[in-house]
Amino acid sequence: MLDIKITKAETLKEKPTDESKLGFGRIFTDHMFLMDYDRSYGGTGWHNPRIEPYHPFSIAPGCVVLHYAQEVFEGMKAYRTADNKIQLFRPECNARRYQDSCDRLCIPQIPEEDFVQAVKALVELEKDWVPHTEGATLYIRPFTFATMEQLGVHASTSYTFCIILSPSGAYYATGLAPVRIYVEDEYIRAAPGLTGFAKCGGNYAASIKSGEIAEALGYSQVLWLDGVEHKYVEEVGSMNIFFKIDGKIYTAACTGTVLPGVTRRSIIELCKDWGYEVIEGKLSIDDVMKAGHDGKLEEVFGSGTAAVVSPVKELKYEKDVVLIGDGKIGELTQKLYDTMTGIQWGRIKDTKNWIVPVCQG
Ligand code: COI
């Protein structure tokens, strides 16, 4: 159990008045959570858990994160229900994944209960920042970075763990409107043995170039193929991806190269509950495009904390293009979106114990 010291901001920022214009991750709240790690400190090495006014960091130009990207992060959300409760969705899953990411990046782990306690404490203090509008949430961004001054390529011996909060709307400016996806056939995101399953900044930095190319061609995001054969579908820029072909649901297996998404596993559970066959395994892009041309590619959708459930209306692979459905959101995609957001906002009974209450709003 952390003993969190709270220092409140003397003046508070103005809260956004028009929640339809929040965008994603552009505004930050009044406070942040901080905790330091030093290998020589004793115990777990983590110490001084505190909440302070949101402020810039002062870090040494020679510190490890700036040169070798020793950093991990998470993405979560806090929701305000109609009866004004503030709640989280499966935070223990994020805490668990954070440990796996830390392990891969040689960053000292934070006990899962401490991670969840820190998130809850900050969200409770900032509860007035949780948006009131359906579809808008308080996005939670925990992250840890290496602070030691050292240019040798070794693990840092000191770190900062931080949580910041950002009231946010839909990840895509287009909201729930179906997006167009560009299948990347040159660059790769992950390969066996690398960091694909970890949520580390480096994975995203390496993806930016492909994202720029796709955007210049009018596509929202890139669909990554496997890094060995450039053949099997893996994930999309900021989401896992699902394909409904001839009644069955396909998604890449989490075997080290794909991010084990919390929304992804929730969707798999829901689809199985509803009687769908869900196949977690290898699906080639050739089979996807063929299914598209044969009229069997019924729905394609991405899933992620930021994006929730995001319908895809078009895939472009090399010179080939397939249009999915009639360009509108598919029936299953809509049902998943409604169910996920229904549970998250408390409109649908949480029979799965996915919701963790934080406080009264
Ligand atoms: C999330 O879905 O929370 C993510 O972390 C994706 C992010 C890179 C926008």
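Predicted model only: the values in this text are computed from it and were never measured. (Residues numbered from 1 in each chain as written. Predicted model: local features only at pLDDT ≥ 70, side-chain atom pairs only at ≥ 80, totals over all residues. Heavy atoms only, no water.)

### Here we look at the packing of aromatic side chains
Taken as a whole, this structure holds 18 aromatic pairs when the rule is applied. Both rings, one in F143 and one in F145, keep their centres 6.0 Å apart while their planes meet at 20 degrees; by these two values the pair is stacked. By relative accessible area, which is 14% here, F143 ends up buried. Clustering of aromatic rings is evident, with ring pairs tying together F33, Y37, W46, Y98, F115, Y159 and F161. Sitting over the ring of Y219, R180 keeps its end group 4.3 Å from the ring centre. Note that K335 overlies the ring of W274, its terminal NZ or CZ placed 4.1 Å from the centroid. (Phe/Tyr/Trp six-rings, centres within 6.5 Å; stacked < 30°, edge-to-face > 60°. Buried < 20%, exposed > 50% of the residue type's maximum accessible area, 1.4 Å probe, protein only. Lys NZ or Arg CZ within 6 Å of the ring centre and 35° of its normal.)

### A look at a nonpolar patch on the surface
On the surface, F57, I59 and L66 cluster together to form a nonpolar patch covering roughly 260 Å² of accessible area. On the accessibility criterion, I59 (37% relative accessible area) is partly exposed. (Patch = residues over 30% accessible without salt bridge, like charges linked within 9 Å, V, L, I, M, F, W, Y side chains within 5 Å. Areas by Shrake-Rupley, 256 points an atom, 1.4 Å probe, with all protein chains shown as cover. Salt bridge = Lys/Arg side-chain N within 4 Å of Asp/Glu carboxyl O.)

### Details of the nonpolar core
The biggest cluster of nonpolar side chains holds 39 residues, and the ones touching the most others in it are F33, F115, I140, F161 and I163. Looking at this core element by element, the count peaks at 6 residues for helix α3 (residues 112-125). For I140, the residues in contact, after removing those within four places along its chain, are E74, G75, M76, K77, A78, L88, V119, V123, I163, I164 and L165. Core analysis: the next-biggest nonpolar cluster, separate from the first, contains 26 residues, Y172, V183, A291 and L315 among them. (Core = buried A, V, L, I, M, F, W, Y, C linked by side-chain atoms within 4.5 Å. Helix = DSSP H or I, 4+ residues; strand = E, 2+ residues; numbered from the N terminus. Contact = heavy atoms within 4.5 Å.)

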